[in-house]
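Spelled out, the chains give:
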Amino acid sequence: MKRRALCRAVASLALGGALPFALPRVRAAQPAPGAARPPRIYMILFRGETAVEKGFRDYFAVNGMPVELIVRDVALDVGKVPQLIAEARAMKADLIYTWGTPVTLAVVGKEGAADPARHVTDIPVVFTMVASPQGSGLVKSLASSGRNITGACHVVPTSQQLSAIRAYRRFERLAIIYNPAEPNSVQNVKDLRAVAARERFQLLERPVPLDAKGQPLPAELPAMVAELAQQNVQLLYIGPDSFLAANRKVLTEAALAARLPAFSATEIAVREGKALFGLVSGYESVGRLTAHKAQQILRQHMTPSAIPIETLARFSYLVNMPVAAQLDLYPPLKVLNYAELLK
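Quick notes on the rules
Residues numbered from 1 in each chain as written. Predicted model: local features only at pLDDT ≥ 70, side-chain atom pairs only at ≥ 80, totals over all residues. Heavy atoms only, no water. Axes fitted to C-alpha atoms, helices over the stretch in contact; angles between N-to-C directions. Helix = DSSP H or I, 4+ residues; strand = E, 2+ residues; numbered from the N terminus. Parallel < 35°, antiparallel > 145°, perpendicular 65-115°, else oblique. Left-handed = near helix turned anticlockwise from the far one by under 90°. Contact = heavy atoms within 4.5 Å. Core = buried A, V, L, I, M, F, W, Y, C linked by side-chain atoms within 4.5 Å. Buried < 20%, exposed > 50% of the residue type's maximum accessible area, 1.4 Å probe, protein only. Pairing = 2+ DSSP bridges. Salt bridge = Lys/Arg side-chain N within 4 Å of Asp/Glu carboxyl O. Phe/Tyr/Trp six-rings, centres within 6.5 Å; stacked < 30°, edge-to-face > 60°.

Caption draft 1: Main features of the packing of helix 5 (residues 158-168) against helix 6 (residues 183-199). Two numbers describe how helix 5 lies on helix 6: the axes approach to 10 Å, and their chain directions differ by 60°. Comparing the axis directions of helix 5 and helix 6 gives the class oblique. Like other packed secondary-structure pairs, helix 5 and helix 6 cross with a definite hand, here right-handed. Residues Thr158, Leu162 and Arg166 of helix 5 touch helix 6, and the partners they reach there are Asp191, Leu192, Val195 and Glu199.

Right, dumping it as structure tokens:
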């Protein structure tokens, strides 16, 4: 599970110490007296601050690069993005940071369909936590976006996720619940469906019902999990889905109550929920990789299209041991040899 030496070097950087939550302005490092103002990074978050932002700040601190961070949170409502774009322009942001697929699409639009009147085309954009840049229509190639954007992915390739699942337990019936309003979630289901056909296992797909405004209904999750448990599925797969991440406790606690083991493609459902295990990219490491790309633009003056979109070189195999005890489903010895056991 290794890719580029560059990513490996970036992922190895670490610095402790959390900063306050949701500060409107944060200076990650102070410039020398009389120096020009530091680069201004306008950050648009989807569901509040995460460990990704801690890693992002830490990278600049450990590398001694002063930056001014202006943090804004849409609180799951991408309808707020247009006013934030206007504010970023008014503040003369040097770079815009976007978290997640819905926010990134709202900021820059799809490849070939960006409208300068609505989308950002004149300010460099670095995205993070976008599961499938190609599948969501952001770019045609990871080697070069061909536009004024670059960024970092966080999802382990589907084939490697399934290998990780089989290392823990065999399965023939896998279920997935997903938000049909999220392009990355829909793409993840397509990818999983293709692998299921190739590897000959049954995939039960359950889109979350939407309300009249096209928003998924969190209250439906427990009943959906219960229905799948009655279908004798052996595992619930939780993909890279911002809605499910925000509702991780409801989803994973319902799965645990139904004695349905859950595998997660992102770490938050394992670390902060009741998912049994997952093969994931660490959020702080993803943040540092994202910051490295921002640094290439702001300090090295590289164009975003010249900076490849990448995933981390190393992944973490997480096992939630209290959940394993409740399910009486302990990891096999071979998994214990390399897994991070959460207690």
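Caption draft 2: Spotlight on the nonpolar core. By size, the foremost hydrophobic cluster in this structure holds 54 residues, and its most contacted members are Ile41, Tyr42, Phe56 and Phe60. Within the residue set of this core, elements represented by two or more residues are strand 2 (40-45), helix 2 (51-62), strand 3 (68-73), helix 3 (81-90), strand 4 (95-99), helix 4 (101-108), strand 5 (125-128) and helix 11 (283-298). Looking at this core, the element that brings in the most residues is helix 11, giving seven residues. Counting 33 residues, the second-largest nonpolar core is a separate cluster that includes Leu162, Ala167, Tyr178 and Val195.

Caption draft 3: Representation of the sheet that holds strand 13 (residues 340-342) within the structure. With mixed pairing, seven strands are arranged side by side in an open sheet as 8-7-9-10-11-12-13. The sheet terminates laterally at strand 8 (202-207) and strand 13, the two strands that pair on one side only. Here the average twist between neighbouring strands, direction ignored, is 25°. Bridge analysis of strand 10 (residues 262-264) against strand 11 (residues 277-280) gives two bridges, and the strand direction is parallel. Following the sheet pairing, serine 264 is matched in strand 11 by glycine 278.

Caption draft 4: Quick look at the pattern of salt bridges. Taken as a whole, this structure holds 16 salt bridges when the rule is applied. Residues aspartate 94 and arginine 37 are paired through a salt bridge, measuring 2.9 Å at the closest nitrogen-oxygen approach. Taken together, the residues aspartate 94 in the loop between helix 3 and strand 4 and arginine 37 in the loop between strand 1 (25-27) and strand 2 connect sequence positions 57 residues apart. Judged by its relative accessible area of 28%, aspartate 94 is partly exposed. For arginine 37, a relative accessible area of 41% gives the class partly exposed. We note a salt bridge from glutamate 49 to arginine 57, for which the minimum N-O separation is 2.9 Å. The network of salt bridges with common partners includes Lys54, Asp58, Glu284 and Arg288.

Caption draft 5: The arrangement of unusual backbone geometry in detail. Unlike most non-glycine residues, alanine 75 shows phi in positive territory, near 50°. Counting through the fold element by element, alanine 75 comes out in the loop between strand 3 and helix 3. Backbone geometry places arginine 200, a non-glycine residue, at a positive phi of 60°. Residue placement: arginine 200 occurs in the loop between helix 6 and strand 8. The exposure class assigned to arginine 200 is exposed, which follows from its relative accessible area of 78%.

Caption draft 6: Here's a closer look at the side chain of asparagine 188. When you line up the elements, asparagine 188 lands in helix 6. Contact partners of asparagine 188, with chain neighbours within four places excluded, come to Ile176, Tyr237, Gly239 and Pro240.

Caption draft 7: Region of the structure containing the packing of aromatic side chains. Under the counting rule described, the total for this entry stands at nine aromatic pairs. With a centroid separation of 5.9 Å and 25° between ring planes, the pair formed by tyrosine 237 and phenylalanine 263 is classed as stacked. Residue tyrosine 237 is located in strand 9 (residues 235-238), and its partner phenylalanine 263 is located in strand 10; the two are separated by 26 residues in the primary sequence. The pair tyrosine 237 / phenylalanine 263 is uniform in exposure class, with both members buried. Through a chain of ring-to-ring contacts, three or more aromatic side chains come together here, namely Tyr168, Tyr237, Phe263, Phe277, Tyr317 and Tyr338.

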